[in-house]
Number of protein chains: 2
Amino acid sequence: MKDTKVILDENEIPKYFYNILPDLPEPLAPPLNPLTQEPISPKDLEVIFPKELIRQEMSEEHKIKIPDEVLDALIRMGRPSPLFRATNLEKFLKTPAKIYFKHEGLNPCGSHKPNTAIAQAYYNAKEGTEVLSTETGAGQWGSALSYSCLFFGLKCKVFMVRISFDQKPYRKVIMNTYGAEVYASPSTETDYGRTVLKRSPETPGSLGIAISEAIEIAAKNENTKYALGSVLNHVMLHQTIIGQEVQKQLNMIEETPDILIGCVGGGSNFAGFSFPFIKDKIQGNLNAEFIAVEPTSCPTLTEGKYIYDHGDSAGMTPLLKMYSLGKDFIPPSIHAGGLRYHGMAPTISLLAKHKLITPEAYTQEEIFDAAKVFAKTEGIIPAPESAHAIKSAIVHALKCRKNNESKTIVFNLSGHGLLDLGAY
Amino acid sequence: MKDTKVILDENEIPKYFYNILPDLPEPLAPPLNPLTQEPISPKDLEVIFPKELIRQEMSEEHKIKIPDEVLDALIRMGRPSPLFRATNLEKFLKTPAKIYFKHEGLNPCGSHKPNTAIAQAYYNAKEGTEVLSTETGAGQWGSALSYSCLFFGLKCKVFMVRISFDQKPYRKVIMNTYGAEVYASPSTETDYGRTVLKRSPETPGSLGIAISEAIEIAAKNENTKYALGSVLNHVMLHQTIIGQEVQKQLNMIEETPDILIGCVGGGSNFAGFSFPFIKDKIQGNLNAEFIAVEPTSCPTLTEGKYIYDHGDSAGMTPLLKMYSLGKDFIPPSIHAGGLRYHGMAPTISLLAKHKLITPEAYTQEEIFDAAKVFAKTEGIIPAPESAHAIKSAIVHALKCRKNNESKTIVFNLSGHGLLDLGAY
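Here the structure is a predicted model, which is why all the values come from computation and not from measurement.

About the cut-offs
- Residues numbered from 1 in each chain as written.
- Chains lettered and ligands numbered in written order.
- Predicted model: local features only at pLDDT ≥ 70, side-chain atom pairs only at ≥ 80, totals over all residues.
- Heavy atoms only, no water.
- Helix = DSSP H or I, 4+ residues; strand = E, 2+ residues; numbered from the N terminus.
- Domains from an automatic or database assignment.
- Contact = heavy atoms within 4.5 Å.
- Buried area = accessible area lost by both parts, 1.4 Å probe.
- Salt bridge = Lys/Arg side-chain N within 4 Å of Asp/Glu carboxyl O.
- Buried < 20%, exposed > 50% of the residue type's maximum accessible area, 1.4 Å probe, protein only.
- Phe/Tyr/Trp six-rings, centres within 6.5 Å; stacked < 30°, edge-to-face > 60°.
- Lys NZ or Arg CZ within 6 Å of the ring centre and 35° of its normal.
- Pairing = 2+ DSSP bridges.
- Axes fitted to C-alpha atoms, helices over the stretch in contact; angles between N-to-C directions.
- Expected span 1.5 Å × (residues − 1).
- Least-squares fit on C-alpha atoms with pLDDT ≥ 70 in both.
- 1 Å grid on protein atoms, 1.4 Å probe; cavity = no way out; pocket = protein on both sides within 12 Å on 5 of 7 lines; lining within 4 Å.
- Points joined across faces, edges and corners; volume = space filled by probe spheres on them.
- Nonpolar A, V, L, I, M, F, W, Y, C, P; charged D, E, K, R; others polar.

This brings us to unusual backbone geometry. All names here are of chain B. Going from Arg 79 to Pro 80, the amide bond is cis rather than trans, its omega being -10 degrees. If you trace the backbone, Pro 80 turns up in the loop between α3 (68–77) and β4 (83–85). Backbone torsion omega between Ser 185 and Pro 186 reads 5 degrees, so that peptide bond is classified as cis. The residue Pro 186 is located in the loop between β8 (181–185) and α9 (191–199) in this model. Backbone geometry places Glu 254, a non-glycine residue, at a positive phi of 55 degrees.

The next thing to look at is the domain arrangement of chain A. Residue and element names in this part refer to chain A. When cut into domains, chain A gives domain 1 (5–13 + 70–111 + 238–413) and domain 2 (18–38 + 45–63 + 112–233). Taken together, the 56 residues of domain 1 in the interface contact 53 residues of domain 2. Both sides of the domain 1 and domain 2 interface together cover about 4600 Å² of buried area, and 67% of this is carbon and sulfur. The largest per-residue losses of area from domain 1 upon contact with domain 2 belong to Cys 109, Ser 111 and His 238, which jointly make up 14% of the total buried on that side. The interface formed by domain 1 and domain 2 contains one salt bridge.

Residue and element names in this part refer to chain A. In terms of residue burial, helix α15 (residues 346–353) counts as a mostly covered element, since seven of its eight residues are buried. Those residues of α15 that fall on the buried side of the exposure criterion are Pro 346, Thr 347, Ile 348, Ser 349, Leu 350, Leu 351 and Ala 352. The elements touched by buried residues of α15 are α11 (233–239), α13 (268–282), α14 (300–303), β12 (305–310) and β13 (319–324). Within two residues after α15, Lys 355 carries a phi angle of roughly 60 degrees, on the positive side.

Before going further, it helps to spend a moment on the packing of aromatic side chains. A full pass over the atoms with the stated rule returns 27 aromatic pairs over all chains. With a centroid separation of 5.8 Å and an interplanar angle of 70 degrees, the aromatic rings of Tyr122(B) and Phe152(B) are classed as edge-to-face. You can see Tyr122(B) sitting in helix α5 (residues 114–126) and its partner Phe152(B) sitting in the loop between α6 (140–151) and β7 (155–161), a full 30 residues away along the chain. Summarising the burial analysis for this pair, Tyr122(B) and Phe152(B) share the class buried. Over the ring of Tyr16(A) we find Lys63(A), and its NZ or CZ is 4.4 Å from the ring centre.

Here we come to the sheet that holds strand β6 (residues 131–136) of chain A. Residues and elements named next belong to chain A. Pairing is parallel in the open sheet, where four strands are placed in the order β8-β7-β6-β9. Looking along the sheet, the strands with just one partner apiece sit at the ends: β8 (181–185) and β9 (224–226). Strand-to-strand twist across the sheet, computed as the mean angle between neighbouring axes with direction ignored, equals 25 degrees. Here β6 runs beside β9; their pairing, made up of three bridges, is parallel.

All names here are of chain A. Over its 14 residues, helix α10 (residues 207–220) runs 20 Å from end to end, which matches the ideal 20 Å to within 8%, given 1.5 Å per residue. Along α10, 12 of the 14 residues are buried, which leaves the element largely enclosed by surrounding structure. Along α10, the positions that sit buried rather than exposed are Leu 207, Gly 208, Ile 209, Ala 210, Ile 211, Ser 212, Glu 213, Ala 214, Ile 215, Glu 216, Ile 217 and Ala 218. Looking at the buried side of α10, the elements it contacts are β6, β7 (155–161), β8, α9 (191–199) and β9.

What follows deals with the sheet that holds strand β5 (residues 98–103) of chain B. Residues and elements named next belong to chain B. On the basis of which strands lie adjacent, the open sheet formed by seven strands has the order β1-β4-β5-β15-β10-β11-β14 and mixed pairing. Unpaired on one side and paired on the other, β1 (5–6) and β14 (358–362) mark the two borders of the sheet. The pairing of β5 with strand β15 (residues 408–413) spans six bridges and is parallel. When the sheet's bridge partners are listed, Phe 101 is paired in β15 with Phe 411. Along the sheet, helix α16 (residues 384–403) contacts β5, β10 (259–263), β11 (289–295), β14 and β15; its crossing angle with β10, the most-contacted strand, is approximately 150 degrees.

With that out of the way, let us pick up the relation of the copies chain B and chain A. For the match of chain B to chain A, the screw axis carries a shift of 0.0 Å, the RMSD comes to 0.0 Å, and the turn is 180 degrees. This pairing of chains is accounted for by a two-fold axis. Relative to the rotation axis, the C-alpha of Leu106(B) is the closest in chain B, positioned 3.1 Å from it. Most of the interface of chain B is mirrored in chain A, where 100% of its interface residues are also at the interface.

This part takes up the layout of surface pockets. All names here are of chain B. Estimates place the volume of the second largest pocket at around 740 Å³. Lining of the second largest pocket is provided by 35 residues; of these, Pro 31, Ile 40, Leu 45, Pro 318 and Leu 320 occupy positions nearest its centre. Of all the elements in the fold, those that place two or more residues in the lining of the second largest pocket are α1 (42–45), α2 (51–58) and α10 (207–220). Partitioning the lining of the second largest pocket into residue classes produces 27 nonpolar, four polar and four charged. Among the domains, domain 1 (5–13 + 70–111 + 238–413) and domain 2 (18–38 + 45–63 + 112–233) are the pair contributing at least three residues each to the lining of the second largest pocket.

Quick look at the structure:
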């Protein structure tokens with residue numbers, strides 16, 4: 001089995017988060033204060049984030065040690081996660097390419113999201129936070145944060161985009177079962193939510209609106225901090241345990257990747273999977289292609305502009321330099337709720353600007369066809385988000401067939417689709 | 001982490017199925033031909049089962065070697081599975097007892113069912129079967145068989161109890177996504193289905209009816225065999241990889257179980273988990289209690305009679321000596337669909353008769369309360385079936401608190417509840 005399922009022993013779990021900031025081809029443009037348009041100071045962020053996460057957000061250290069309590073929780077939750085070779089998919093596609101995938105869905109939350117949720121809950125608890133507020137789209141992030149709050153004794157309040165709240169009641173059940181309070185956003189819990197509801201009572205909501213609501217209650221309550229599941233540097237770096245594990249796993253079977261693929265919404269699973277490899281590329285030790293896959297209906301990297309924009313709709317967050325469709329963009333109600341975000345992580349945006357990352361976009365129909373092929377060959381029903389990465393892997397594997405090239409393709413399966421079966 | 005999550009290396013997966021038949025306290029009463037009431041011959045079963053499974057059904061060997069192809073598929077699917085210590089649950093209950101659980105839900109099907117589905121699909125494919133027919137209640141078994149048929153090139157036809165077909169559309173989606181044909185039972189596909197529909201068009205169906213339908217199409221089609229997900233000896237023995245892994249895992253941490261707990265419908269997860277330990281008990285090497293937990297609404301072991309009865313409603317299956325509520329019993333529509341069966345595995349029935357197994361029964365309300373406590377402490381949302389085992393573990397842990405006894409309690413978490421969230 002060694003070549004088709006590569007497992008790491010639990011003591012081989014990465015002990016450090018990898019921070020890409022000092023390795024970027026140019027310094028990241030600083031976040032700006034929304035009121036003054038001046039670079040923001042760490043102090044400004046202390047209303048909503050604990051100090052250690054602010055430190056990580058701006059750190060220039062290459063490596064940040066993972067606390068033992070976080071490692072224990074990650075291991076208990078299911079890490080290290082296995083790397084599989086998709087031999088049945090290869091056969092079905094009649095491709096000379098080798099296709100590998102990292103499976104991030106084998107934990108109680110079913111996605112990569114707990115990797116950062118656990119770390120964020122830990123640092124908050126350590127600094128005395130009592131309540132964590134957050135937003136969620138499809139509900140993966142909200143479930144992961146609710147789950148993580150359990151273990152560090154925090155309360156969790158989740159603003160869930162209304163359309164998902166209505167269409168995906170099961171993820172709400174998960175959050176409630178974990179003890180979280182869940183509000184359909186826009187809600188009547190916040191000033192901003194009430195304002196939006198007054199203006200457009202029938203709005204399906206958006207991640208941008210939900211973020212504004214979650215930040216508002218963090219800003220207004222002493223014991224409450226805010227947690228974001230993507231976009232920010234500290235989130236990306238928590239996720240790098242994915243890519244570091246993949247590096248070890250590929251080394252074990254003496255493989256070098258030619259193409260690395262992940263789906264992108266805010267960018268966290270892609271960043272976590274690819275950054276450790278991008279470091280090697282920047283340093284001239286790896287000649288690989290990096291592909292970030294998004295839905296054609298929310299084409300941030302393929303059609304957005306590289307500008308300073310807000311992360312939320314109300315304009316409460318700092319301005320971030322990133323690819324964006326504009327903070328008021330309301331994406332269509334596609335099933336891949338995790339990819340319906342107007343912006344993109346500044347780190348990923350910068351790498352895309354420097355052509356170190358190639359974006360691709362596919363339609364909902366294309367990605368569900370790919371998901372079904374994957375389920376029928378590999379026996380795993382993927383999340384609609386992850387199906388974007390599968391689609392791209394298939395496209396590149398077929399290109400290999402046409403050109404008779406035996407490339408090594410590795411993609412990140414960010415989660416399973418058992419909570420999205422209505423979409424199939 | 002060694003004490004709270006115990007992992008086996010993949011090369012430590014058990015290499016043999018354990019067969020309890022030669023170790024039973026008295027020989028198992030033979031299955032009887034439904035027409036002649038005479039003991040059935042292997043030949044009689046060849047219409048619906050492949051020869052190797054019939055041989056296993058009646059084997060007196062202690063150990064049956066697991067084929068390499070089956071081991072590979074089991075490893076790829078997720079074995080060996082981890083054993084966890086439920087430290088948060090212990091703290092919550094303020095019990096001096098230690099509580100461990102084996103997690104059988106960490107695979108694409110989310111339950112223990114693929115352990116035997118993979119083996120059955122393999123042996124069928126090897127003997128030239130082209131189509132496997134089966135029944136399913138809640139859909140766990142049907143998903144597992146559909147999944148397993150994929151890997152050995154078999155078609156799969158599933159008769160799904162109508163009430164589950166209507167109430168649990170998602171498991172049907174899984175089976176369809178894996179390429180299986182799924183019929184609501186009673187269906188118009190079989191003579192027996194049509195007869196039942198004529199008599200009671202509004203029937204919610206039952207496992208007994210669905211079994212009759214699945215057997216009928218196997219009996220009538222040369223290329224089609226039938227697969228059963230529980231009750232029979234060969235199913236129980238395939239599942240013993242669960243208990244054999246738990247034995248190794250408890251040895252690693254130098255623990256000896258005092259109480260072993262599993263839920264019972266037809267009996268397969270309980271048997272697989274407990275039989276390797278029951279062997280030790282029978283041979284005088286282990287002094288432990290074995291608890292089989294069922295719903296009060298389908299109280300086969302606690303209120304059924306130990307009689308010869310049919311496994312199906314039409315009376316097409318051999319008569320088995322077992323605890324039964326009668327083949328025409330239509331259980332109420334509880335959420336634990338996997339525990340709605342009128343009979344009980346003959347091996348388990350015999351052990352219960354000899355008081356080697358103690359049955360317990362709990363109400364739906366009790367088991368959901370236990371499930372919620374488990375989710376809030378351990379972060380895992382259990383299947384309603386598995387919640388029966390959790391409830392019993394809690395009862396015994398609280399008894400330990402009262403008596404100030406630090407017993408070691410181990411239960412089998414047969415599956416996760418992500419496809420049963422509607423019930424929460």
